Amino acid sequence: MTQPIKKWRISNVEICVWENKKKFKDGEVSFKTATLSRSYKKKDEDIWRSEVINNIRRNDIPKIQVLLNKVQDYLFFEDSEHDKEEEEEE
């Protein structure tokens, strides 16, 4: 199973950035995606579970905003600097 390249968590909300590749007949394209998930524990079970967030609760909105800002900063600044360093090494 693949692992996220970066992740952040606030309370029970987590966002992960994933590296994806798509093959075409002329080559391969790399792109990144993000997934939001929420951890929860059922009342009758003592097991933590995680679900992809499809329905946003009012209390989740500030957490999600902060996490999305983190991802945006990473994708636009940190990740692009990393790409430039790799190009310079080649």
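Residues numbered from 1 in each chain as written. Predicted model: local features only at pLDDT ≥ 70, side-chain atom pairs only at ≥ 80, totals over all residues. Heavy atoms only, no water.

### Side note on a nonpolar patch on the surface
Then, number 1: There is a patch of nonpolar side chains on the surface, built from Phe24, Val29 and Phe31 and spanning about 270 Å² of accessible area.
Then, number 2: Along the chain, phenylalanine 24 turns up in strand 2 (residues 13–24).
Then, number 3: When its relative accessible area of 48% is taken as the criterion, phenylalanine 24 is described as partly exposed. (Patch = residues over 30% accessible without salt bridge, like charges linked within 9 Å, V, L, I, M, F, W, Y side chains within 5 Å. Areas by Shrake-Rupley, 256 points an atom, 1.4 Å probe, with all protein chains shown as cover. Salt bridge = Lys/Arg side-chain N within 4 Å of Asp/Glu carboxyl O. Helix = DSSP H or I, 4+ residues; strand = E, 2+ residues; numbered from the N terminus. Buried < 20%, exposed > 50% of the residue type's maximum accessible area, 1.4 Å probe, protein only.)

### Things to note about the nonpolar core
Then, number 1: Core analysis: the biggest nonpolar cluster contains 10 residues, these being Trp8, Val13, Ile15, Val17, Leu36, Ile53, Ile64, Leu67, Val71 and Tyr74.
Then, number 2: At the level of elements, strand 2 and helix 1 (60–89) are the ones that each hand at least two residues to this core.
Then, number 3: No other element matches helix 1, which puts four residues into this core.
Then, number 4: Setting aside residues no more than four positions away along its own chain, tryptophan 8 makes contact with Val13, Glu14, Ile15, Val17, Leu67, Lys70, Val71 and Tyr74. (Core = buried A, V, L, I, M, F, W, Y, C linked by side-chain atoms within 4.5 Å. Contact = heavy atoms within 4.5 Å.)

### Some points on unusual backbone geometry
Then, number 1: A positive phi angle, close to 55 degrees, is found at serine 11, a residue other than glycine.
Then, number 2: Assignment of secondary structure puts serine 11 in the loop between strand 1 (6–10) and strand 2.

### A closer look at the side chain of arginine 38
Then, number 1: For arginine 38, the position within the fold is in strand 3 (residues 27–41).
Then, number 2: Of note is the side chain of arginine 38, whose polar atom sits 2.6 Å from the side chain of aspartate 60. (Polar contact = N/O pair within 3.5 Å; in protein donor to acceptor, adjacent residues only side chain to side chain.)

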